[in-house]
Amino acid sequence: MRACSGEVRLYNFCRVISPFFLSCQKMGEHGQEKLQLRSDALVSPNGDTKIIEKHVENGHNHAAPGVNGGQEYKRYTFSPQPTLEDIRRMQAEFTDERNWNQFHQPRNLLLAMVGEVGEVSELFQWRGEVAEGLPDWTESEREHLAQELSDVLIYLVELAEKCHVDLPQAVLRKMALNRLKYPASKVHGSAKKYTEYNE
């Protein structure tokens, strides 16, 4: 898979400072370009990238205004617990207690996950485009979506477990590769595939 022109090497790969911070370096013909994957690199609904410095004070997230005087866009964040490993362990205990491990093998888990994705799709069917935050949805509809998305995640984590894929580390590697394939200087505001960009 070609990431960019010239010789590309990643070193100090996947040096994790926090669960959502990855620092890598790209070595090319014309020097070095430091790449950082951070949770505070945001894309607003109108496509403008804004950096929002977030900090936690008394248990609450706070966001500073966007750069260049742009309008603030605060991204929704998940709670820190449970981790993917917590979810893997809880699901493993759930299946062991019911002697379902004999059925929960890769192919069956994949098909089950696809079925759950279909159920998520049904919730969005015929609605047209849906605004971020689902402002027009009822609490019951939101909870239904949360349950279906949870089913998808549970099956995904269990599928990764059965395939012996360390999913958190695989995500870090993949996101680092994505940053090389889609450098912000080339793709900002564009939805083209990386193969459509000129060298």
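For the structure, see preceding data.
Report follows, based on the coordinates.

Here is what the cut-offs are and how they apply
Each chain carries its own residue numbering, running from 1 in the direction its sequence is written. At least 70 in pLDDT is required for a residue's local features to be given in this predicted model, at least 80 for side-chain atom pairs to be given and counted, and no such filter applies to totals for whole chains, interfaces and linings, which use all residues. Each side-chain value is derived from all of the structure's non-hydrogen atoms; neither hydrogens nor water enter the calculation. Each helix corresponds to a stretch of at least 4 residues labelled H or I by DSSP, and each strand to a stretch of at least 2 residues labelled E; elements are numbered beginning at the N terminus. Each residue gets one of three labels from its accessible area relative to the maximum for its type: buried under 20%, exposed over 50%, partly exposed in between, using a 1.4 Å probe on protein chains only. Between the first and last residue of a helix there are one fewer steps than residues, each counted as 1.5 Å, and that sum is the expected span. For our purposes a nonpolar core is just a set of buried Ala, Val, Leu, Ile, Met, Phe, Trp, Tyr and Cys residues, chained together by side-chain atoms within 4.5 Å. Any two residues whose heavy atoms approach within 4.5 Å are treated as being in contact. By salt bridge we mean one thing: a side-chain nitrogen of Lys or Arg within 4 Å of a carboxyl oxygen of Asp or Glu. Like charges are joined within 9 Å and nonpolar side chains (Val, Leu, Ile, Met, Phe, Trp, Tyr) within 5 Å, but only among residues with over 30% relative accessible area and no salt bridge; these make up the patches. Surface exposure here means Shrake-Rupley accessible area, sampled with a 1.4 Å probe, where a residue is shielded only by the protein chains that are shown. The reported arc concerns the directions from the helix axis to the C-beta atoms and nothing else.

1. A few points about the environment of L180
Residue placement: L180 occurs in helix α4 (residues 167–181). On the basis of relative accessibility, which here comes to 4%, the residue L180 falls in the buried class. For the pair formed by L180 and Y194, sequence separation is 14 residues and the distance between their alpha carbons is 9.7 Å.

2. A short note on helix α1 (residues 84–97)
Helix length check: α1 (14 residues) gives 20 Å between terminal C-alpha atoms against 20 Å at 1.5 Å per residue, within 8%. Within α1 the residues assigned to the buried category are D86, I87, Q91, A92 and T95. Once α1 finishes, N99 follows within two positions and takes phi at roughly 55°, a positive value.

3. What to know about the nonpolar core
In this structure, L109, M113, V120, L123, L134, W137, L145, V152 and L159 together form the largest nonpolar core, which totals nine residues. Of all the secondary structure elements, the ones that give two or more residues to this core are α2 (106–124) and α3 (139–162). Among the elements that make up this core, the one with the highest residue count is α2 (four residues). In this view, L159 contacts P106, L109, L110 and M113; residues no more than four positions away in its chain are not counted.

4. Quick notes on the pattern of salt bridges
Counted according to the given criterion, the structure contains seven salt bridges. In this structure, D86 engages R89 in a salt bridge whose closest nitrogen and oxygen atoms are separated by 3.1 Å. One end of the pair is D86 and the other is R89, both in helix α1 and three residues apart, which spans about a single turn. The exposure class of D86 is buried, given its relative accessible area of 17%. With relative accessibility at 36%, the residue R89 sits in the partly exposed group. E93 is paired through a salt bridge with R89; the nearest N and O atoms lie 3.9 Å apart.

5. Comments concerning a nonpolar patch on the surface
A contiguous nonpolar surface patch, about 290 Å² in accessible area, is contributed by F94, W100 and F103. Looking at the element boundaries, F94 is found in helix α1. You can call F94 partly exposed: its relative accessible area is 32%.

6. Side note on α2
Relative to the 27 Å expected for 19 residues at 1.5 Å per residue, α2 spans 28 Å between its end C-alpha atoms, a close match to the ideal helical length. Looking only at α2, the buried set comprises L109, M113, E116, V120 and L123. Seen along its axis, α2 keeps its buried residues to an arc of 60°; they face one direction. Residues of α2 that are exposed and point over 90 degrees away from its buried face: R107 and E122. On its buried face, α2 sits against α3. Phi turns positive, to about 70°, at W126, one or two residues after α2.

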